[in-house]
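# Structural description and commentary
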Amino acid sequence: MIIGEQKPFEEIWEMVKGHKQLTVFGCNTCVAVCHQGGNKEAEIMASLLRMRATQEGLEIDIKNGGIERQCEHPFFESAKALLDQSEAVLSLACGIGVQFVAEKYMNTPVYPALNTTFLGDVKQDGFFTEKCQACGDCVLGVTGGVCPVSRCCKRLFNGPCGGSSNGKCEISKDIDCAWQLVVDRLQALGKMDDYEKLVPIKDWSKDRAGGPRSFKLEDF
């Protein structure tokens with residue numbers, strides 16, 4: 001799932017305070033699970049903005065709403081009337097959702113309320129860990145399901161660096177050495193032969209930093 005965290009309130013206020021009407025718009029999937037961007041958070045954010053506007057003597061009509069996902073067209077039907085009347089939108093979605101809303105409403109300013117941080121899993125309620133950086137060239141099949149791109153601080157592909165100690169990364173004793181995790185996993189699977197395989201130089205042109213990509217299901 002996509003993990004995000006709310007921007008500092010002052011940063012949000014500076015983006016939106018010049019508008020006379022604003023819709024605070026929640027996204028009820030990924031960022032709702034991490035308690036940063038769902039309908040509840042949109043309602044709270046709208047209340048905070050109303051209070052700030054009152055304190056500064058500004059008249060801003062602030063509404064709030066939300067949909068299941070801000071990255072798919074069908075979900076927008078239920079919010080069409082709200083968004084059609086919006087002078088500006090403060091989106092509590094990830095960066096994908098913000099761009100999706102902006103493309104649908106070309107003449108409406110759409111502002112991000114969150115910083116999109118990483119792709120992660122739900123370790124336990126309220127605790128999320130980064131597991132994927134969407135590099136576009138997955139090597140999990142030979143690393144025992146442990147990602148060296150997201151979990152090795154140096155993005156090493158052929159074993160640990162010389163700084164690891166007692167299974168921990170030299171960056172911090174609180175960070176597991178990714179390659180220790182790889183070895184532990186391969187041993188558990190009885191697949192240590194995979195550890196001996198040299199991973200070639202990675203094709204970083206497939207990485208998310210290499211430019212926008214898209215695909216159609218019928219192409220596969």
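Here's a quick rundown of the structure.

Rules used in this analysis
Residues numbered from 1 in each chain as written. Predicted model: local features only at pLDDT ≥ 70, side-chain atom pairs only at ≥ 80, totals over all residues. Heavy atoms only, no water. Core = buried A, V, L, I, M, F, W, Y, C linked by side-chain atoms within 4.5 Å. Buried < 20%, exposed > 50% of the residue type's maximum accessible area, 1.4 Å probe, protein only. Helix = DSSP H or I, 4+ residues; strand = E, 2+ residues; numbered from the N terminus. Pairing = 2+ DSSP bridges. Axes fitted to C-alpha atoms, helices over the stretch in contact; angles between N-to-C directions. Contact = heavy atoms within 4.5 Å. Salt bridge = Lys/Arg side-chain N within 4 Å of Asp/Glu carboxyl O. Parallel < 35°, antiparallel > 145°, perpendicular 65-115°, else oblique. Left-handed = near helix turned anticlockwise from the far one by under 90°. Nonpolar A, V, L, I, M, F, W, Y, C, P; charged D, E, K, R; others polar. Arc of directions from axis to C-beta. Patch = residues over 30% accessible without salt bridge, like charges linked within 9 Å, V, L, I, M, F, W, Y side chains within 5 Å. Areas by Shrake-Rupley, 256 points an atom, 1.4 Å probe, with all protein chains shown as cover. Expected span 1.5 Å × (residues − 1).

## Regarding the nonpolar core
Ranked by internal contacts, the top residues of the largest apolar core, which has 17 residues, are Val-16, Leu-22, Val-24, Leu-49, Ile-62 and Leu-90. For this core, the secondary structure elements donating two or more residues are α1 (9-16), β2 (21-27) and α3 (39-55). Among the elements that take part in this core, α3 stands out by supplying five residues, more than any other. With eleven residues, the next largest nonpolar core counts Phe-76, Val-89, Val-98 and Phe-100 among its residues.

## Details of the sheet that holds strand β5 (residues 110-112)
Reading across from one edge, β3-β2-β4-β5 is the order of the four strands in this open sheet, with parallel pairing throughout. Two strands lie at the open edges of the sheet, namely β3 (61-67) and β5, each paired on one side alone. With direction set aside, neighbouring strand axes in the sheet form an average angle of 25°. Examined bridge by bridge, β2 and β3 share seven bridges and lie parallel to one another. Each residue of the ladder has a partner; that of Phe-25, found in β3, is Gly-65. Packing against the sheet, α1 makes contact with β2, β4 (89-91) and β5, and its axis sits at approximately 170° to β5.

## Considerations on the pattern of salt bridges
Evaluated as defined, the whole model comprises twelve salt bridges. When the shortest N-O distance is used, the salt bridge between Glu-56 and Arg-52 registers 2.8 Å. Lys-131 serves as the salt-bridge partner of Asp-121, at 2.5 Å between the closest nitrogen and oxygen. Here Asp-121, found in strand β6 (residues 114-124), pairs with Lys-131, found in strand β7 (residues 127-132); they are ten residues apart in sequence, far enough to count as distant. Salt bridges here are not isolated pairs; linked through shared partners, they connect Glu-10, Arg-52 and Glu-56.

## A closer look at the sheet that holds strand β1 (residues 2-6)
Spatially, the three strands line up as an open sheet ordered β1-β6-β7, and their pairing is antiparallel. On the outer flanks of this sheet lie β1 and β7, each paired with one strand and no other. Within this sheet the neighbouring strands show an average axis-to-axis angle of 65°, counted without direction. Pairing analysis gives five bridges linking β6 to β7, with the strands arranged antiparallel. Bridged to Asp-121 within β7 is Thr-129.

## Section: the packing of α1 against α3
Contact geometry of α1 with α3 gives a least axis separation of 11 Å together with a crossing angle of 70°. With respect to each other, α1 and α3 are oriented roughly perpendicular. Of the two elements, α1 crosses α3, and the hand of that crossing is right-handed. When α1 is examined against α3, the residues Phe-9, Glu-10, Ile-12, Trp-13 and Val-16 are found in contact with a partner set consisting of Met-45, Leu-48, Leu-49, Arg-52 and Ala-53. Across the contact of α1 with α3, the residue classes break down as eight nonpolar, no polar and two charged.

## Comments concerning α1
Taken together, the buried positions of α1 are Ile-12, Trp-13 and Val-16. Projection of α1 onto a plane perpendicular to its axis shows the buried side chains occupying an angular sector of 100°, all on one side. Turning to α1, the residues buried within the fold contact β2, α3, β4 and β5.

## A look at a nonpolar patch on the surface
A surface patch of nonpolar side chains, amounting to about 270 Å² of accessible area, comprises Ile-44, Leu-48 and Met-51. With respect to the helices and strands, Met-51 occurs in helix α3. On the basis of relative accessible area, Met-51 is assigned to the partly exposed category, the value being 48%.

## Describing helix α7 (residues 178-189)
Because each turn of an α-helix spans 3.6 residues, side chains separated by three or four positions in sequence point in the same direction. With twelve residues, α7 should reach 16 Å at 1.5 Å per residue; the first-to-last C-alpha distance of 17 Å fits that figure. Along α7, the residues classified as buried are Ala-178, Trp-179, Val-182, Val-183 and Leu-186. The arc that holds the buried residues of α7, viewed along the axis, is 140°, so those residues lie on one side. Buried residues along α7 sit in contact with α6 (148-151) and β9 (172-176).

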